[in-house]
Amino acid sequence: MLYTRPLARLIEELEKLPGIGPKSSQRLAFHLIKQPEAAITHLANTLLEAKQQVRFCSHCQNLSAEDPCELCLNPTRQRTLLCVVAEPRDLVALERTREYKGLYHVLGGLLSPLDGIGPEQIKVRELLARLHSDHESGGNVEEVILAINPSVEGEATSLYLARLLKPAGIKVTRIAFGLPMGGDLEFADEMTLVRALEGRRELA
């Protein structure tokens, strides 16, 4: 055994985090072990607090400590626009541009039949229920903007949603990407995202 058991277990757990390989997990483990106990306790309490308090907004499915979330409750948001994104981090990327003023819906993933991810595994049902409820209550969503990464899964998800929403008479557009195939929203700079929003196009 290269490391004493408690340290080895810490390294193993850190390696389970996305983007963390064996060397990174070792560096993080050594860094944490060197910290004062008070700092580690604070970190552990912060993790527990986030896990206990952060939940999904019942309206937009974004992560929030409030339900409905701050964005859904904001009276200044333009309620004729609904931007659909795959993950909460994509919403954050668009909000950083300070250009989009509408509401959001977070799918929580993308369609990927090979991985067993169908419409039931992402928040498609919630999107349809939301649009139906909005219509029934006299709401006025006029355009659904698909801000989804241009990957194979993203293309499949966008086409599926467009076909699903078109019969409802809602305009469905997709942002124009200044990104290569397989690029990620979360790594795009603000200007690229602004231009993508401005250059969105309606899906046939």
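Residues numbered from 1 in each chain as written. Predicted model: local features only at pLDDT ≥ 70, side-chain atom pairs only at ≥ 80, totals over all residues. Heavy atoms only, no water.

Q: I'm lost on the overall build of the protein chain in this one. Help?
A: Tallying secondary structure elements over the protein chain gives 8 helices and 7 strands in all. In terms of its C-alpha atoms, the protein chain occupies a principal-axis envelope of roughly 65 × 35 × 35 Å. Expressed as a percentage of the 204 residues in the protein chain, the buried residues total 37%. A separation of at least 24 residues holds for 56% of the contacts in the protein chain among residues at least 6 apart in sequence. Of the roughly 12500 Å² that the protein chain leaves accessible, carbon and sulfur atoms contribute 56%. (Helix = DSSP H or I, 4+ residues; strand = E, 2+ residues; numbered from the N terminus. Buried < 20%, exposed > 50% of the residue type's maximum accessible area, 1.4 Å probe, protein only. Contact = heavy atoms within 4.5 Å. Areas by Shrake-Rupley, 256 points an atom, 1.4 Å probe, with all protein chains shown as cover.)

Q: Mind showing me how you'd approach the pattern of salt bridges here?
A: Any two side chains of opposite charge can pair if their charged atoms end up close together. Summed over the entire model, instances satisfying the criterion amount to 5 salt bridges. In this structure, Glu-186 and Arg-89 form a salt bridge, with 2.7 Å as the shortest nitrogen-oxygen distance. Of the two residues, Glu-186 sits in the loop between β6 (171-174) and α8 (190-198) while Arg-89 sits in helix α5 (residues 88-97), which places them 97 residues apart along the sequence. (Salt bridge = Lys/Arg side-chain N within 4 Å of Asp/Glu carboxyl O.)

Q: I'm lost on the packing of helix α1 (residues 5-15) against helix α2 (residues 22-34) in this one. Help?
A: Each pair of packed helices can be summarised by the angle the axes make with each other and by the distance between the axes. At a minimum axis distance of 8 Å, the contact between α1 and α2 shows a crossing angle of 125 degrees. As far as their axial angle goes, α2 and α1 are oblique. Seen along the crossing, α1 lies across α2 with a hand that is right-handed. Judged by residue contacts, Leu-7, Leu-10, Ile-11, Leu-14 and Glu-15 of α1 engage Pro-22, Ser-25, Gln-26, Leu-28, Ala-29, Phe-30, Leu-32 and Ile-33 from α2. Here the contact of α1 with α2 is composed, by residue class, of 10 nonpolar, 2 polar and 1 charged. (Axes fitted to C-alpha atoms, helices over the stretch in contact; angles between N-to-C directions. Parallel < 35°, antiparallel > 145°, perpendicular 65-115°, else oblique. Left-handed = near helix turned anticlockwise from the far one by under 90°. Nonpolar A, V, L, I, M, F, W, Y, C, P; charged D, E, K, R; others polar.)

Q: Quick question: what am I supposed to make of the state of the cysteines here?
A: Counted under the stated rule, the structure contains 0 disulfides. With no disulfide of its own, Cys-83 lies closest to Cys-60 among cysteine sulfurs, the gap being 11 Å. Taking the relative accessible area as the measure of exposure, Cys-83 reaches 0% and is therefore buried. (Disulfide = S-S within 2.5 Å.)

Q: Explain the sheet that holds β6 here, please?
A: Sheet strands line up and pair through hydrogen bonds in the backbone, either parallel or antiparallel. Taken together, 5 strands build an open sheet; the order of strands is β4-β3-β5-β6-β7 and the sheet is mixed. The open sheet has two edge strands, β4 (102-106) and β7 (201-202), and neither has a second partner. Pairing between strand β5 (residues 143-146) and β6: 4 bridges, direction parallel. Residue pairing across strands places Val-144 opposite Val-172, the latter belonging to β6. Contacting β3 (78-85), β5 and β6, helix α7 (residues 152-165) crosses the sheet at an angle of about 165 degrees to β6. (Pairing = 2+ DSSP bridges.)

Q: Would you take a moment to explain the packing of aromatic side chains for this structure?
A: Each aromatic ring pair is described using two quantities: the centre-to-centre distance and the angle formed by the ring planes. Applying the stated rule across the entire model yields 2 aromatic pairs. An angle of 65 degrees between the planes, with centres 5.0 Å apart, marks the rings of Tyr-100 and Tyr-104 as edge-to-face. Judged by its relative accessible area of 5%, Tyr-100 is buried. A residue is classified by how much of its surface remains accessible, and Tyr-104, at 3% relative accessible area, is buried. Over the ring of Phe-56 we find Lys-123; its NZ or CZ atom is 5.1 Å from the centre of that ring. (Phe/Tyr/Trp six-rings, centres within 6.5 Å; stacked < 30°, edge-to-face > 60°. Lys NZ or Arg CZ within 6 Å of the ring centre and 35° of its normal.)

In short, the description is geometric, and any link to function would need to be established separately.
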